[in-house]
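Breakdown of the fold
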Amino acid sequence: MICRMNTYSSDSPINSKKYDSLGRLSFAEKIVSILNSLDKERSFIIGLYASWGSGKTSTINLIEQRINDSTRKNKPVLVKLNAWELNGNGDAIFHEILKNIYEKVTDKAFGGFREKTSRFFGKLSRAKLPIDSTIEIDLNSGGRKETSIYLGRITASMDYVSRILQSSYFINKIKIKTQEEIKESGKKVIVVIDDIDRLESQSIADLMHIIAQIANYAGIVYILPFDNRYVASAIEQFLPQGASGQEYLEKIIQIPLELPKASKSSLNRMLAATIESICKQHSIVLEENEIERFRLILEYHNLGAYIQSPRDINRLNNSLLFRLPLCHGEMNMVDVIVLEIIRLFDDGLYKRIKDNGDMLIEKISSKYGINDGASRKQDLQDTFGGDDRWLEIVQELFPFAAYTLKGYGNINEDDLRYHQRIASDYYFEKFFASLDEIEDISDVAVINLLTNSVDEASIRKNLHIINENNIATALWIISKRHSVIENKLAFCICLLDLIEGMPTARSSSLTLTALERVLFTIDDILASESKDEKTTGYISLINHLFNQDRIDTFSRTIDHVIHYSTNKGNHSIELKKDQIQQYKITALQSIRRFAKNDKLPLLSQNGSSIRLYTRWAEFSTKEETSQYLEKKIQSADDVINFILQFVGTWHTMGKSDYTYRDLTPDIIRSIDTVINIDTLHQIIISDPRYGTLGNIQEVDLVLFERPTTNSIRTIAKVGNEKSPELKEAIIKQFIYFFNRRQEAKE
């Protein structure tokens, strides 16, 4: 099965029934039925209660869609407001309610009352005295003092209170006009005020107080979706001691409705669909037995208990979209997913797993010997036994832990390593080395860097937050938020300077170097520029590198731009042919200047010189590079040093030793693109040490990639270039393939 998440989730609610994966539509339809049954001559306040992230706004959107799709005559008018976006400002919310109702009911532009209502609520909000007192006023002109105002900062002034009382004239006038328009239209008006529970406590208390004052307009139904416990707690802070926030809400909310919790099966289906979508996007293949293993851990071993709401799934979605492609090919994908769920939702278990590899994995360590099964079992129970869910999950992730606790089970270290499982001694540390990396830098710090990028000085001031350990995370954030960068070229230059001194070699064939990551990020930053601006940008980068004599970064940058501008694939740099040619001309001029200043060595361990020789011949002619090299290569040792650059190196994953590769006919052809092979051969056979090797046979070759003895492995190691044995082995390979080449010509 190919599990093939398509985009990062912004925690946005659904806006159509086709995305209703949690069955909210039926509940929304029931609410619409309730709304239709309410007397349109009366006002009501409905409270839609649910915790954060449970789908309140999604349910409201489904209610709106159901109302809009209705074929009923005089179907309700729906007004949606966001309290958080309006900063909880009562004046603004009141104005928006009136404006939207008036415009939707009459199809006319609203105006004339903003200034008056603003003055009224401005006075109301400033009426705070230092004493614990209240006044009761008749704001609705109904002959009853139904509204209490709590006073705060300033001293009581009869004149000021009088002005507040006079303002009730305006509120009453607006009320009467709005009621007349609603009555004339014959329509029911529904006002939704969302995100109340995102406000600060003071704003919540103020807003609920205002809603209580204006909610008795005839013909208006208010729907207030919020976290009941949070809002009640916020209100309670501003009530007299001993008063209940919950009881206060009960006096305001006439119809309390609890949003049903999403069923566990619905959340599991939503989670499975999310993971499948991520895998599909990144062509990640999960075998059937791995899929089944994840289902067992999720549904039968309590991992699913961590997922309580759609917001939890969105949070996991955003994390896995970064984690899975980063870890793909390096670690077991199911173990990555399980560990990420634990990291996000149970920090205690995550830290215990991370800190107790000796306990969980079959190995002899300083803590446990070969016969320490009893003590290991006790430690497992002490460390993970405080929560039954912990023990279940740990035993599913770590077969050796299950074996230690139960006394039976199948453990195959080779199989665990083959499948890149966290339970393998070889892979355990890799999981945490990679997964903890994101904690080293915050989104806020990187975004602050991006928004303060007017010039190089500003950028360099904040760039210190990025280092070798967190650069992958930082660059990912930069790639996603680069649109806010003010000076893109200066930012790209600073990124190239940042990685100077960081390792240029890959830690494995599955990872990118810091420079490779930076170059891909630069592509993202410049992608939105015009092609002319983009060309100027790439040329400015190599000019900057030339001026700093950074030959290796210079050569790799040229290779990157040429490759991705001429080879169209999943990643490409969009340039016209004449712009690519302009770039090549600039690069050629710089290469020639490096050569003129004698800065192109015959041997460079990082391969920078050979890349530049190759590009030199490509952008110019072989005759030009050959003429330069013939002046530099004067001895057989020079030839060997030059050849070694083309040969390249390799190493075994997990080991730090690099070994030279063998020469091949393809490498001989590559060398011949920059200098005549005959010239090199003549220099070699003119050396007394190698003059007798003219008729070398294949059986006489010393092959580095198929060593028959440890001594050959030693000879082939990088750093052993002065060894006579290495020199002779390279010369033999060169002469042998040169002779075969000559025979083929004949």
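The residue numbering used here restarts from 1 in each chain and proceeds along that chain's sequence as written. A pLDDT threshold of at least 70 governs which residues receive local features in this predicted model, and a stricter bar of 80 or more applies before side-chain atom pairs are shown or counted, although totals over entire chains, interfaces and linings include all residues. Hydrogens and water molecules were not included; the side-chain quantities draw on all heavy atoms of the structure.

**Describing the packing of aromatic side chains**
Here a Phe, Tyr or Trp ring, Trp counted by its six-membered ring, pairs with any other such ring whose centre lies within 6.5 Å, and the pair is stacked when the planes are under 30 degrees apart, edge-to-face when over 60, and tilted otherwise. Throughout the structure, instances matching the rule amount to 15 aromatic pairs. Their ring planes at 75° and their centres at 5.2 Å tell us that phenylalanine 554 and phenylalanine 594 sit as a pair that is edge-to-face. Here phenylalanine 554, found in helix H26 (residues 551–566), pairs with phenylalanine 594, found in helix H27 (residues 577–596); they are 40 residues apart in sequence, far enough to count as distant. Considered together, phenylalanine 554 and phenylalanine 594 belong to a single accessibility category, that of buried residues. Taken together, Tyr613, Trp616, Tyr628, Phe642 and Phe646 form an aromatic cluster joined through their ring pairs. Of note, arginine 198 hangs over the ring of tryptophan 84, and the distance from its end group to the ring centre comes to 3.6 Å. Put simply, a charge is over a ring when the Lys NZ or the Arg CZ is close to the ring centre, within 6 Å, and near the line of the ring normal, within 35 degrees. Over the face of the ring belonging to tyrosine 306 we find arginine 389, whose NZ or CZ atom lies 4.1 Å from the ring centre. Each helix corresponds to a stretch of at least 4 residues labelled H or I by DSSP, and each strand to a stretch of at least 2 residues labelled E; elements are numbered beginning at the N terminus. Each residue is assigned to one of three classes by its accessible area relative to the maximum for its type, calculated with a 1.4 Å probe on protein chains only: buried under 20%, partly exposed between the two thresholds, exposed over 50%.

**Notes on the environment of leucine 693**
Tracing the backbone shows leucine 693 in the loop between helix H32 (677–685) and helix H33 (710–715). Residue classification places leucine 693 among the buried residues on the basis of a relative accessible area of 13%. Put simply, leucine 693 and tyrosine 736 are 43 residues apart on the chain and 8.9 Å apart in space, counted from C-alpha to C-alpha. Among residues more than four places away in sequence, those in contact with leucine 693 are Glu728, Ile731, Lys732 and Ile735. When checking whether two residues touch, look at their non-hydrogen atoms; a contact exists if any pair is within 4.5 Å.

**Here we look at the state of the cysteines**
The rule for a disulfide is simple: a pair of cysteine sulfur atoms within 2.5 Å. Under the definition given, this model contains zero disulfides. No disulfide involves cysteine 494; its nearest neighbouring cysteine sulfur is the one of cysteine 492, lying 9.3 Å away.

**What about the environment of asparagine 356?**
Within the element layout of this structure, asparagine 356 appears in the loop between helix H13 (347–355) and helix H14 (357–360). Judged by its relative accessible area of 15%, asparagine 356 falls in the buried class. Sequence-wise, asparagine 356 and aspartate 379 are 23 residues apart; in three dimensions their C-alpha atoms are separated by 9.7 Å.

**Some words on helix H8 (residues 245–252)**
Along H8, the residues that are buried comprise Gly245, Tyr248, Leu249 and Ile252. Within H8, the buried residues cover an arc of 100° as seen down the axis, which keeps them to one side. For H8, the exposed residues lying more than 90 degrees away from the buried face are Glu247, Glu250 and Lys251. Packing partners of the buried residues in H8 comprise strand S2 (44–49), helix H6 (201–214), strand S7 (220–226) and helix H7 (228–236). Side-chain atoms alone can form a polar contact between residues adjacent in sequence; in general such a contact is a pair of N or O atoms within 3.5 Å, and within protein one must be able to donate a hydrogen while the other accepts it. Backbone nitrogen of glutamine 246 and a side-chain oxygen of the N-cap are separated by 3.2 Å at the start of H8; the cap is serine 244. Working definition: the arc comes from the directions between the helix axis and the C-beta atoms, pointing outward to the latter.

**As for the sheet that holds strand S6 (residues 189–194)**
Here, a strand pair is defined by DSSP locating no fewer than two bridges between the strands. As summarised here, the arrangement of the five strands in space is S3-S6-S7-S2-S8, forming an open sheet in which the pairing is parallel. The open sheet has two free edges, formed respectively by strand S3 (77–82) and strand S8 (255–258), since each of these has just one partner strand. Sheet twist, expressed as the mean angle between neighbouring strand axes with direction ignored, is 20°. Sheet analysis places S2 next to S8, joined by four bridges and oriented parallel. Bridge pairing in S8 links isoleucine 46 to isoleucine 255. Note on geometry: axes are C-alpha line fits, over the in-contact stretch for helices, and angles between N-to-C directions span 0 to 180 degrees.

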